Amino acid sequence: MAEEKKMFSATGNQMVADAMRQVDPDVMAAYPITPQTTIVEGYDKFVADGRVTTEYVNVESEHSALSACIGASAAGARVATATSSQGLAFMWEELHIAAGMRCPIVMANANRALSAPINIHGDHSDIMGARDTGWIIMFAETAQEAYDNTIVSFKVAEDPDVLLPVLTTLDGFVTTHAMDCCVMEEDQTVKDYVGEYHAKYPLLDTANPVGHGMFATLGDGYMKYKYTQREAIEGALDVIEKHGKEWAEITGRPFDLVDAWGTEDADYIIVVLGSCAGNARFQARQLRAQGKKVGVVRPRVFRPFPAQQIVDACKNAKAIGVIDRSDSFGSAHAPLALEVRSALFSAGVQIPVNDYIAGLGGADITLAQMEQVFTELEQCAAGEAKKSITYLGIDE
Amino acid sequence: MSQLTEIRWHARAGQGAVTAAKLVADTALLQGNYIQAMPEYGPERTGAPLKAYTRVCSEPIEVHNNIQNPDIVIVLDDTLLESTDVCEGMHDDGTLIFNTTKTVEEIRKAAQVPDSMKVAVVDASGIAMDTIKKDMPNTPIVGALAKVTGLFPPELVKERLKITFGKKFSQEMIDANLASVDRAYQEVQE
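Residues numbered from 1 in each chain as written. Chains lettered and ligands numbered in written order. Predicted model: local features only at pLDDT ≥ 70, side-chain atom pairs only at ≥ 80, totals over all residues. Heavy atoms only, no water.

Asks: Please explain the packing of helix α3 (residues 62-75) of chain A against helix α5 (residues 92-100) of chain A as it appears in this structure.
Replies: Residues and elements named next belong to chain A. Between α3 and α5, the least distance of the axes is 9 Å, while the angle of their chain directions is 15°. Classified by the interaxial angle, the pair formed by α3 and α5 is roughly parallel. Read as a crossing pair, α3 and α5 show a hand that is left-handed. Residues His-63, Leu-66, Ser-67 and Ile-70 of α3 pack against Glu-93, Glu-94, Leu-95, Ile-97 and Ala-98 of α5. Considering only residue class, the contact of α3 with α5 consists of 5 nonpolar, 2 polar and 2 charged. (Axes fitted to C-alpha atoms, helices over the stretch in contact; angles between N-to-C directions. Helix = DSSP H or I, 4+ residues; strand = E, 2+ residues; numbered from the N terminus. Parallel < 35°, antiparallel > 145°, perpendicular 65-115°, else oblique. Left-handed = near helix turned anticlockwise from the far one by under 90°. Contact = heavy atoms within 4.5 Å. Nonpolar A, V, L, I, M, F, W, Y, C, P; charged D, E, K, R; others polar.)

So this is what it looks like as structure tokens:
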């Protein structure tokens with residue numbers, strides 16, 4: 001209840017900047033890009049005002065930003081940064097290096113479209129480019145969740161059983177720039193929760209010299225190394241749930257790997273990531289009032305993918321609609337649809353799935369679109385064939 | 001039953017519509033409501049047409065997209081009527097508030113507002129020039145909104161303005177803004 005904690009208005013970016021302020025990492029190296037800018041702008045002000053002890057490193061590009069973060073993390077520092085879109089794309093080679101060197105960096109991403117054509121608005125094209133880089137990836141639905149996810153991210157990244165970088169993401173403009181109702185925990189609560197960070201193998205521990213990111217070429221060294229990365233991120237799912245639940249206990253706000261609404265008896269289910277899940281739920285409530293059994297499933301974590309939780313939530317449905325906010329050109333299915341189909345197939349669950357693409361480049365995701373999807377799922381369950389992927393909201 | 005009010009703002013970049021959208025939200029928040037306020041970002045050029053949105057609800061707000069069927073539309077620049085259908089998607093019993101020197105009848109005709117909708121006019125720019133000494137119609141129009149819709153009392157708008165402006169403006173500027181709210185509250189015509 002709101003009586004203990006004061007509800008106030010804030011944008012998603014303000015909430016992420018404040019989450020990072022409360023954690024107060026040792027180093028932040030960042031480069032501004034719309035719609036992430038107000039995160040690093042806000043954080044830079046905290047540094048200037050002496051509210052944090054972070055060493056803020058101004059760099060000339062995102063490539064340099066993540067390079068500096070990797071260096072600082074390998075040296076033993078707790079590190080955070082933030083980026084978006086072309087900036088995340090520009091970090092691509094460092095993304096792999098950060099994960100491969102097992103640097104527990106926390107990076108916020110303001111999910112945004114990629115050029116061309118130029119577009120500064122929200123979708124998931126940028127973040128899906130990072131899906132195979134070895135980073136843990138979380139999606140926030142709201143500004144409040146962006147705050148909570150960011151705090152949990154530090155705990156997950158730095159867990160000795162994980163030691164992987166985390167992307168804590170929020171949708172461009174809809175979450176980064178819209179003013180929403182939020183609450184914030186006390187600084188000390190956050191500091192106590194994340195605890196102090198002690199790197200396991202810091203480069204600056206000169207008494208115990210180590211090498212990071214060494215040469216591993218012929219022979220099976222490289223493969224063995226990559227296998228440990230797979231083990232680490234697969235094991236991270238339980239760790240995310242554990243630390244998320246711990247944070248939920250402190251805050252009273254739920255934390256589930258997969259947010260499942262109405263799925264106990266739902267015949268038709270929409271699976272969707274991020275900020276538009278609320279629209280799907282709002283429409284689902286309207287349809288429930290008309291007696292239709294509909295549900296909405298939203299993975300809060302995309303990497304590692306919570307396949308079992310998705311199957312558990314969807315297994316009794318008659319038809320499933322997956323809405324992606326990015327495309328995977330040349331693939332039969334967009335990223336989220338591919339994961340959902342794979343999860344169902346591996347579990348031996350045969351339910352027809354409709355693929356949809358919506359909200360590219362900030363295109364408004366409307367209630368009418370959600371209704372269209374639910375209607376088409378009914379038709380799908382009745383045996384009506386549909387073409388492979390539907391782009392919602394345009395005349396194809 | 002939850003009470004949801006959806007407001008769409010039409011303005012030109014530089015008129016302070018985004019600030020006003022947030023002022024309305026923050027004022028409603030003082031009443032214990034849940035709120036959202038967001039701009040529809042386009043090219044950031046002074047004078048370019050823009051839209052902004054405010055949602056106010058007694059319950060938590062789940063939807064996060066643009067407002068398509070507003071209850072209230074606020075138009076900060078009547079020259080937008082040449083290029084914009086400000087009534088688009090409105091509910092039949094909706095309310096439109098214009099910053100204009102035209103009369104209710106003139107603006108109803110110019111904007112082709114159906115008879116079922118309420119129209120209110122206020123010279124917010126004129127009031128702003130008198131009080132704030134700048135053509136910033138965004139603060140006074142919120143006073144007009146308070147009068148026409150009864151969404152909240154004008155005192156609450158002023159209380160919120162003191163909180164927002166108290167940190168960054170002189171007392172003279174704050175007083176001018178408060179006066180502009182009162183004048184628009186009194187002068188708005190329906």
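Asks: In this structure, what is going on with a nonpolar patch on the surface? I would like to understand it.
Replies: Where nonpolar side chains cluster on the molecular surface, the patch consists of Tyr-201, Leu-203 and Val-210 of chain A and spans about 280 Å² of accessible area. Relative to the helices and strands, Leu-203 of chain A resides in the loop between α8 (187-194) and α9 (221-251). (Patch = residues over 30% accessible without salt bridge, like charges linked within 9 Å, V, L, I, M, F, W, Y side chains within 5 Å. Areas by Shrake-Rupley, 256 points an atom, 1.4 Å probe, with all protein chains shown as cover. Salt bridge = Lys/Arg side-chain N within 4 Å of Asp/Glu carboxyl O.)

Asks: What should I look at first to understand empty space enclosed by the protein in this one?
Replies: One water molecule sets the probe size; rolling that probe over the atoms shows where empty space is left. Scanning the model with the defined rule gives 1 cavity of 30 Å³ or more in all. Quantified by volume, the largest cavity comes out at close to 30 Å³. Lining the largest cavity are Glu-141, Thr-142, Ala-143, Val-174, Thr-175, Ala-178 and Asp-180 of chain A together with His-64 of chain B. Taken together, the residues of the lining of the largest cavity break down into 3 nonpolar, 3 polar and 2 charged. (1 Å grid on protein atoms, 1.4 Å probe; cavity = no way out; pocket = protein on both sides within 12 Å on 5 of 7 lines; lining within 4 Å. Points joined across faces, edges and corners; volume = space filled by probe spheres on them.)

Asks: Whenever I open this one, the environment of Asp-324 of chain A confuses me. Can you help?
Replies: All names here are of chain A. In this fold, Asp-324 is placed in strand β13 (residues 319-324). Between the C-alpha atom of Asp-324 and that of His-124, which follows or precedes it by 200 residues, the distance is 7.9 Å. Here Asp-324 is in contact with Ala-334, Pro-335, Leu-336, Ala-337, Tyr-356, Ile-357 and Ala-358, once residues within four sequence places are set aside.

Asks: So what exactly am I meant to see when it comes to the sheet that holds strand β15 (residues 389-391) of chain A here?
Replies: Residues and elements named next belong to chain A. With respect to topology, 6 strands assemble into an open sheet ordered β9-β11-β10-β13-β14-β15, the strand pairing being mixed. Bordering the open sheet on either side are β9 (258-261) and β15, each of which pairs with just one other strand. Looking at each pair of strands side by side, their axes are set apart by 20° on average, direction ignored. As judged from the 3 bridges shared by strand β14 (residues 353-357) and β15, these two strands associate in the parallel manner. Within the sheet, the bridge partner assigned to Tyr-356 lies in β15 and is Thr-390. Packed on one face of the sheet, helix α11 (residues 307-314) meets β9, β10 (268-272), β11 (294-299) and β13 and runs near 175° to β11. Contacts from helix α12 (residues 335-346) reach β10, β11, β13 and β14, with the element oriented near 150° to β13. (Pairing = 2+ DSSP bridges.)

Asks: Help me understand the packing of aromatic side chains in this model?
Replies: Two aromatic rings, taken as a pair, are described by how far apart their centres are and by the angle between their planes. Residues and elements named next belong to chain A. Summed over all chains, the structure comprises 5 aromatic pairs over all chains. Centre to centre, the rings of Phe-139 and Phe-302 are 6.1 Å apart; their planes meet at 80°, and the pair counts as edge-to-face. One end of the pair, Phe-139, is in strand β6 (residues 136-139); the other, Phe-302, is in strand β12 (residues 301-303), and 163 residues separate them in sequence. Centroid distance Tyr-193 to Trp-247: 4.8 Å. Interplanar angle 50°. Geometry classified as tilted. In this pair, Tyr-193 is assigned in helix α8 and Trp-247 in helix α9, connecting sequence segments 54 residues apart. (Phe/Tyr/Trp six-rings, centres within 6.5 Å; stacked < 30°, edge-to-face > 60°.)

Asks: How do you make sense of the side chain of Asn-111 of chain A when you look at a structure like this?
Replies: Residues and elements named next belong to chain A. Along the chain, the position of Asn-111 falls in strand β5 (residues 106-111). Looking at Asn-111, the relative accessible area reads 0%, which means it is buried. At a separation of 3.0 Å, a polar atom in the side chain of Asn-111 contacts the side chain of Asn-109. Sequence-distant contacts of Asn-111, that is, excluding residues within four places in its chain, are made with His-121, Gly-122, Asp-123, His-124, Asp-126, Ile-127, Phe-139, Thr-169, Leu-170, Asp-171 and Gly-172. (Buried < 20%, exposed > 50% of the residue type's maximum accessible area, 1.4 Å probe, protein only. Polar contact = N/O pair within 3.5 Å; in protein donor to acceptor, adjacent residues only side chain to side chain.)

Asks: Got a minute to help me understand the packing of helix α1 (residues 17-30) of chain B against helix α5 (residues 154-166) of chain B in this structure?
Replies: To characterise two packed helices, one gives the angle between the axes of the helices and the distance between these axes. All names here are of chain B. At a closest axis distance of 9 Å, the pairing of α1 and α5 adopts a crossing angle of 110°. As far as their axial angle goes, α5 and α1 are roughly perpendicular. Together, Leu-23, Asp-26, Thr-27 and Leu-30 of α1 and Leu-156, Val-157, Glu-159, Arg-160, Leu-161 and Ile-163 of α5 make up the contact between the two elements. Tallied by class, residues from the contact of α1 with α5 come to 6 nonpolar, 1 polar and 3 charged.

Asks: Any chance you could explain the environment of Tyr-41 of chain B here in plain terms?
Replies: By the secondary structure assignment, Tyr-41 of chain B is in the loop between β2 (34-40) and β3 (49-57). Judged by its relative accessible area of 26%, Tyr-41 of chain B falls in the partly exposed class. Residues Tyr-41 of chain B and Ala-52 of chain B, spaced 11 residues apart in sequence, show a C-alpha to C-alpha distance of 8.4 Å. In this view, Tyr-41 of chain B contacts His-121, Phe-173 and His-177 of chain A; residues no more than four positions away in its chain are not counted.

Asks: Looking at this model, I keep getting lost on the domain arrangement of chain A. Mind explaining?
Replies: Think of interface size as the accessible area that goes away when the parts come together; that is how it is often given. Residues and elements named next belong to chain A. Each assigned domain of chain A is listed here: domain 1 (8-251) and domain 2 (258-391). For domain 1 versus domain 2, the distance between C-alpha centres works out to 28 Å. Across the contact, 27 residues belong to domain 1 and 26 residues belong to domain 2. Taken over both partners, the interface formed by domain 1 and domain 2 buries close to 2,100 Å², and the fraction arising from carbon and sulfur atoms is 54%. Of all residues in domain 1, the largest losses of buried area upon contact with domain 2 belong to Arg-131, Glu-141 and Leu-237, amounting jointly to 31% of the total for that side. Taken together, the connections running from domain 1 to domain 2 amount to 6 salt bridges. The shortest N-O distance in the salt bridge between Glu-141 and Arg-298 comes to 2.9 Å. Inspection of the domain 1/domain 2 interface yields 15 residue pairs in polar contact (both at pLDDT 80 or more). Elements that contribute at least two residues to the side of domain 1 that touches domain 2 include exactly α6 (125-128), β6, α7 (143-157) and α9. Of the residues contributing to the side of domain 1 that touches domain 2, the split by class is 13 nonpolar, 7 polar and 7 charged. (Domains from an automatic or database assignment. Buried area = accessible area lost by both parts, 1.4 Å probe.)

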